[in-house]
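A closer look at the structure
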Amino acid sequence: MKLRMIVWLVGLGLFGALAACGNFPTPPPGLGATPASAPRATPAGTITISVTPVPANVVATRAAGLPGKFVFARGNGTILIQDATGANLRPLVASNGDTLAEFPAFSPDGKQVAYSYNYFDKDGNVVQDLHVINTDGSNPHSVAVPDQVKITYSFPAWSPDGKDIFFTQAYAIPPSSEYAEIDRVSANGGALKTVLKDARLAAISPDGKKIAFRRFDFKIFASSLWIANIDGTGEKQLVDQETFFDIFAARFSPDSTSLVFAGSGEPKKKLPGIALMPAPANDGNCAIGVGALCLVERADAHGLPSDLWLVNLDGTQFERVTHVGSDSPYPAWSADGTRIAFLSEIGTFLVDRQNKTFSQVTSDGGYGGFDWYSK
């Protein structure tokens, strides 16, 4: 059981913190046999949300006209794909109960999805490799397989020309640390090339010039956000490890001038140029809110809530995008840069940056990665 959990946590920078505490959370649904009557497993850091459902006709009206497709991990081992309007929801990668697919990413032409895939080999070892599948569900195949079972491949990100995939290679270093690097492999498979060491969660700028990545300090269990040239040179820190409890899911804007990212907890220091959004006016039980409006109430919090933030590429200008209060709100930009969608456990939400509006656009939620192909 612990081996399965180590695979799940490696790359997130959580293994060291949990090992130090001697506390491993319940594995996500889809790993191992779980009686049908058992409670749904909830990953560490997840916020369980109690919600008054938005009427289906309201959600459909808000989503009408949204272009392209969403792809996301349900959290039970499956990856789903649907029209951005909420229509045509279907499994893209199914789980047989002993597999886990997560962190999906559309290829630049929208015809393929790369993802991380956990399964058992013939000897009963857990393998986590890098897979690609066509968006019609055909031709699922590995493009990179670790040569040791302790190594995991996760968090794929495509190069803008679709020829290569960047990803995180990681393995645990007992008792409380982890090695991680960002590698690059051809989308057709082949030899790996190391791009950055001590780095995780690559994001590639649409102009192909920059890479954003996360570093995790196992001494204080905190993360920082960095950028570098696409070849790994010229590293620059944008957000230091003392600002947020955690930083993850950075995505470049379509014009390659800024990054949206998820930051856990309130910032511990003043951020330059930040346009503060007033916190939701309630009793502290708001899980998703904009301004003084609480849209979703939180029931039980298992970790710090996360918000979406923007930062330019020299770190001199920040903006708070949402008061989200949800675990792992993976963001994705529209192709024209006017909107940011993100996945919640209760559905997909949309921030319209031009009209300054916020709305729920699907009722199909999950955790474990999200992407939007909107061209």
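On a predicted model such as this, the values are computed, not experimentally measured, just so you know. (Residues numbered from 1 in each chain as written. Predicted model: local features only at pLDDT ≥ 70, side-chain atom pairs only at ≥ 80, totals over all residues. Heavy atoms only, no water.)

Re the overall build of the protein
On a plain count of helices and strands, the protein comes out with 3 helices and 27 strands. Within the protein, the fraction of its 375 residues that count as buried is 54%. Considering only contacts within the protein whose residues lie at least 6 apart along the sequence, 48% involve residues at least 24 apart. Looking at the protein as shown, the accessible area adds up to about 15400 Å², and 52% of this sits on carbon and sulfur atoms. (Helix = DSSP H or I, 4+ residues; strand = E, 2+ residues; numbered from the N terminus. Buried < 20%, exposed > 50% of the residue type's maximum accessible area, 1.4 Å probe, protein only. Contact = heavy atoms within 4.5 Å. Areas by Shrake-Rupley, 256 points an atom, 1.4 Å probe, with all protein chains shown as cover.)

Some thoughts on empty space enclosed by the protein
Within this structure, the stated rule accounts for 1 cavity of 30 Å³ or more. Its volume calculated, the largest cavity comes out at about 50 Å³. Mapped onto the lining of the largest cavity, the elements with two or more residues apiece are strand 14 (210-217) and strand 17 (246-252). Broken down by element, the residue count for the lining of the largest cavity peaks at 4 residues, all from strand 17. (1 Å grid on protein atoms, 1.4 Å probe; cavity = no way out; pocket = protein on both sides within 12 Å on 5 of 7 lines; lining within 4 Å. Points joined across faces, edges and corners; volume = space filled by probe spheres on them.)

Regarding the environment of Ser154
Here Ser154 lies in strand 9 (residues 152-158). Classification of Ser154 as buried rests on a relative accessible area of 0%. Each residue touching Ser154, except ones within four places of it in the same chain, is listed here: Phe103, Ser116, Gln128, Phe167 and Thr168.

Describing unusual backbone geometry
The omega torsion of the bond from Pro174 to Pro175 falls at 5°, within 30 degrees of zero and hence cis. Among the secondary structure elements, Pro175 is positioned in the loop between strand 10 (164-173) and strand 11 (177-186). You will see that Asn139, though not glycine, has its phi angle at about 55°, which is positive. Secondary-structure assignment places Asn139 in the loop between strand 7 (126-134) and strand 8 (141-144). A relative accessible area of 46% places Asn139 in the partly exposed class.

Observations regarding the pattern of salt bridges
All told, the structure shown has 14 salt bridges when counted by the stated rule. Notably, a salt bridge pairs Glu235 with Arg215, separated by 2.9 Å at the nearest N-O pair. Of this pair, Glu235 sits in the loop between strand 15 (222-229) and strand 16 (236-239) while Arg215 is found in strand 14, placing the two residues 20 residues apart along the sequence. You can call Arg215 buried: its relative accessible area is 12%. Ionic contacts of the salt-bridge type, sharing partners, join the residues Glu178, Asp198, Arg200, Arg215 and Glu235 into one network. (Salt bridge = Lys/Arg side-chain N within 4 Å of Asp/Glu carboxyl O.)

Points about the sheet that holds strand 13 (residues 200-204)
The strand order across the open sheet built from 4 strands is 13-14-15-16, with neighbouring strands paired in antiparallel fashion. Every other strand in the sheet has two partners, leaving strand 13 and strand 16 as the edge strands with one partner each. The average undirected angle you get between the axes of adjacent strands in this sheet is 30°. (Pairing = 2+ DSSP bridges. Axes fitted to C-alpha atoms, helices over the stretch in contact; angles between N-to-C directions.)

Let's talk about the environment of Ala203
Position of Ala203 relative to the elements: it lies in strand 13. Residue class for Ala203 comes out buried when judged on its relative accessible area of 4%. For the pair Ala203 and Arg251, spaced 48 residues apart in the sequence, the C-alpha separation amounts to 5.8 Å. Not counting chain neighbours up to four residues away, the residues in contact with Ala203 comprise Lys210, Ile211, Ala212, Ala250, Arg251 and Phe252.

Considerations on the sheet that holds strand 25 (residues 347-352)
What the 4 strands build is an open sheet, ordered 23-24-25-26; its pairing is antiparallel. Each edge of the open sheet carries a strand with a single partner, namely strand 23 (331-333) and strand 26 (357-362). Across this sheet, the average inter-strand angle for adjacent strands is 25°, counted without regard to direction. With 3 bridges joining them, strand 23 and strand 24 (residues 339-344) adopt antiparallel strand pairing. Bridge pairing in strand 24 links Pro331 to Phe342.

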